[in-house]
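If you want the building blocks of each chain, they are given just below.
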Amino acid sequence: MRRILLIVVLLPILAGIGWWYFHPRPLDAGLSVYREYAYITNGKSNNVSVIDLTSDPVHGFTVVKTIPVGNEPTGIAVNGKKNEVYVVNTASNNISVIDAERNAVVASIGVHAKPFFIDVSSDGRRAYVANSASNNVSVIDLDKRIVLGNIRAGIAPGLARVSPDGATVVVSNRGDNTVSLIDAQRLLVRAVVPACQQPEDIAIVPYEAKAFVACTGSSQIAAIDIAAGKLLALLDVGKTPVQLALKPDGGELIVSNFDSNNVSIVETSTNEVGGSYLIGTHPSRGIVSADNARLYVSNFASNTVAVYDIDAGAIVSTLPVGTHPDGLALSQSQNYLLVLNSGSGDVSVIQKRTPKKKFEPGEYSLLTMIPVGIQPNNVVVKAFTLRKSK
């Protein structure tokens, strides 16, 4: 009798413990929640599309938010130290600050005339914006969300890029064919380097104090010693080099030559062009995978993306996408490539599968097409983990 009574008492208790342990819990009930978003500036819609890049069965690879920003948004950057995204609004001369946790604009910072791009220091405390019609660079304190100062540069500065150590800001001045080197601590220009014709995109090699600048008007790349403030070499590449993609290890630089339909590969240690390779019609952007193995190039006029194996020196796949593909980004896992189609107003998502053997057919395929706004031009990916309270 005592044994039966004990069973009668224990069964409900055990059942309750089992239900508590095994029942489905809400995702945010005191758990860490992973978030990964792509932020896309839509230049003619005056907004930013936010795409969920997680495997969420409901929201994954869909637009989860469209955020109104300023007029003609162009450049965009993420903060590596806080969950913020910064959008450059060219026509309204300001920067929209997006809280990535809420996907909402929380501040607007005014700069000077006709900014296009923004770069954020590695410590997440400052941002730099070249104002092309004001011939200066705005320095922004991202904690206080104020402009610390506007530093005079050359004529028509298009891009300001900060070095990994945060000490120097490299500015390409398209109007007078020079490169300004700004001391980020003293907020003044410490050197002006004569470069080549119409300097635009900039790549800074980590740990080498060296910058490479693409000159679209002279089909050259300028190699610049940042510490000494002098020109090291002028490298001949293809026609209209519009964009530079640096391998994560810094060893090689890939140049997209828009009007010669090829890419040039520069050896950064020796300042030499290793070779040029046909890639597609009007290549506009390139991006290198985190393992330094694959180069992805958007071909603006052929509506394709080329996948180039860097070690093998060969194109392994060419994939059709939307109209006038331009901006590119890779997901954190490197398994998804986002391609902005500026002409058709959508994003092609290309999936990379793990092949069973090298160059196996079907390694890359189009996963989906996601409609966004009018004339999408730049994209960044922000991933973070949130700790939800109970």
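Up top is the structure these notes are about.
These figures come from a predicted structure and were not determined experimentally. (Residues numbered from 1 in each chain as written. Predicted model: local features only at pLDDT ≥ 70, side-chain atom pairs only at ≥ 80, totals over all residues. Heavy atoms only, no water.)

Peer 1: Looking at this structure, how should I read the overall build of the protein?
Peer 2: When helices and strands are counted, the protein shows one helix and 32 strands. Taken over the C-alpha atoms alone, the protein extends approximately 100 × 50 × 40 Å along its principal axes. When burial is assessed residue by residue, the protein has 53% of its 390 residues classed as buried. With 34 positive and 32 negative side-chain charges, the protein shows a spacing of 9 Å between the two charge centroids. (Helix = DSSP H or I, 4+ residues; strand = E, 2+ residues; numbered from the N terminus. Buried < 20%, exposed > 50% of the residue type's maximum accessible area, 1.4 Å probe, protein only. Lys, Arg positive; Asp, Glu negative; His and termini not counted. Charge placed at Lys NZ, Arg CZ, Asp CG, Glu CD.)

Peer 1: Which parts of the structure should I look at to understand the state of the cysteines?
Peer 2: Each disulfide is one covalent bond, formed between the sulfur atoms of two cysteines. A full pass over the atoms with the stated rule returns one disulfide. Covalently, Cys196 is tied to Cys215 through a disulfide, its sulfur atoms 2.0 Å apart. Disulfide Cys196-Cys215: torsion about the S-S bond near 70°, hence right-handed. You can see Cys196 sitting in the loop between β15 (188-194) and β16 (199-205) and its partner Cys215 sitting in strand β17 (residues 210-215), a full 19 residues away along the chain. (Disulfide = S-S within 2.5 Å.)

Peer 1: Before we go on, may I ask you to explain the packing of aromatic side chains in this structure?
Peer 2: Any two aromatic rings considered together are summarised by their centre-to-centre distance and by the angle between their planes. Scanning the model with the defined rule gives six aromatic pairs in all. When the ring of Phe61 is compared with that of Tyr336, the centres are 4.8 Å apart and the planes differ by 55°; the resulting orientation is tilted. Placement of Phe61 in the loop between β2 (47-52) and β3 (63-68) and of Tyr336 in strand β29 (residues 336-341) is noted, with a sequence separation of 275 residues between them. Aromatic side chains Tyr296 and Tyr364 sit 5.9 Å apart centroid to centroid with 80° between the ring planes, which places their arrangement in the edge-to-face category. Of the two residues, Tyr296 is situated in strand β25 (residues 294-299) and Tyr364 in strand β31 (residues 364-371); the sequence distance between them amounts to 68 residues. Taken together, Tyr37, Tyr39 and Phe384 form an aromatic cluster joined through their ring pairs. (Phe/Tyr/Trp six-rings, centres within 6.5 Å; stacked < 30°, edge-to-face > 60°.)

Peer 1: Looking at this structure, I do not really get the sheet that holds strand β8 (residues 115-120). What am I missing?
Peer 2: Through backbone hydrogen bonds, the strands of a sheet pair up, either in parallel or in antiparallel fashion. Pairing within the open sheet is antiparallel, and its four strands lie in the order β8-β9-β10-β11. Since the sheet does not close on itself, it has two edges, and those belong to β8 and β11 (146-152), each with one partner. Each strand of the sheet is rotated relative to its neighbour by a mean of 20°, with strand direction disregarded. Across six bridges, strand β10 (residues 136-141) lies against β11 in antiparallel orientation. Within the sheet, the bridge partner assigned to Ser138 lies in β11 and is Asn150. (Pairing = 2+ DSSP bridges. Axes fitted to C-alpha atoms, helices over the stretch in contact; angles between N-to-C directions.)

Peer 1: Is there a simple way to think about the environment of Thr304 in this case?
Peer 2: If you trace the backbone, Thr304 turns up in strand β26 (residues 304-309). A residue is classified by how much of its surface remains accessible, and Thr304, at 14% relative accessible area, is buried. A sequence separation of 141 residues divides Thr304 from Ser163, and the C-alpha atoms of the two residues are 33 Å apart. Among all residues touching Thr304, those that are not within four sequence positions of it are Val297, Ser298, Asn299, Thr318, Leu319, Pro320, Val321 and Pro325. (Contact = heavy atoms within 4.5 Å.)

Peer 1: Got a minute to help me understand the nonpolar core in this structure?
Peer 2: General note: in soluble globular proteins, nonpolar side chains tend to be found buried as a group. Ranked by size, the top nonpolar core spans 16 residues in total, and within it Val170, Val179, Leu181, Ile202, Ile204 and Val213 carry the most contacts. Looking at this core, the elements with two or more residues in it are β14 (178-183), β15, β16, β17 and β18 (220-225). For this core, the element with the highest residue contribution is β17, accounting for three residues. For Leu181, the contacting residues outside a window of four places in its chain are Thr168, Val169, Val170, Leu188, Val189, Arg190, Ala191, Val193, Asp225, Ile226 and Gly229. (Core = buried A, V, L, I, M, F, W, Y, C linked by side-chain atoms within 4.5 Å.)

Peer 1: What is the right way to look at the pairing of strand β28 (residues 325-330) in this model?
Peer 2: Strand residues, when the strand is regular, have side chains that alternate between the two faces of the sheet. Across the six residues that make up β28, a large majority, six, are buried. Note: β28 against β29, four bridges, orientation antiparallel. Bridge pairing in β29 links Leu328 to Val339. Hairpin connection from β28 to β29: five residues lie between these consecutive antiparallel strands, with Gln334 at a positive phi of about 70°.

Peer 1: What should I look at first to understand unusual backbone geometry in this one?
Peer 2: Only a minority of non-glycine residues have a phi that is not negative, and only a minority of peptide bonds are not trans. Even without a glycine there, the phi angle at Leu187 is positive, about 55°. Along the chain, Leu187 falls in the loop between β14 and β15. One non-glycine residue, Asn271, adopts positive backbone phi at about 55°. Among the secondary structure elements, Asn271 is positioned in the loop between β22 (262-267) and β23 (272-278). When its relative accessible area of 16% is taken as the criterion, Asn271 is described as buried.

Peer 1: Honestly, the pairing of β10 in this entry has me stumped. Any pointers?
Peer 2: Burial within β10 is extensive, with six of its six residues counted as buried. Examined bridge by bridge, strand β9 (residues 126-131) and β10 share six bridges and lie antiparallel to one another. Residue Asn131 lies in a different strand from β10, and its bridge partner there is Asn136. If you look at the hairpin formed by β9 and β10, you'll find four residues sitting between the two strands, and Asn135 has a positive phi there, around 60°. Here β10 hands over to β11 after four residues, with Arg145 in that stretch at a positive phi of 60°.

Peer 1: Where do I start with the side chain of Thr268 in this structure?
Peer 2: Structurally, Thr268 can be placed in the loop between β22 and β23. Within the local environment of Thr268, its side chain forms a polar contact with the backbone oxygen of Gly250, the two atoms lying 2.6 Å apart. In this view, Thr268 contacts Val205, Glu208, Lys210, Phe212, Leu246, Gly250, Gly251, Glu252 and Leu253; residues no more than four positions away in its chain are not counted. (Polar contact = N/O pair within 3.5 Å; in protein donor to acceptor, adjacent residues only side chain to side chain.)

Peer 1: I'm lost on the environment of Val380 in this one. Help?
Peer 2: Here Val380 lies in strand β32 (residues 376-387). Placed 343 residues apart in sequence, Val380 and Tyr37 show a C-alpha to C-alpha distance of 8.4 Å. The residues contacting Val380, other than those within four sequence positions of it, are Tyr37, Ala38, Tyr39, Ile76, Ala77, Val78 and Val85.

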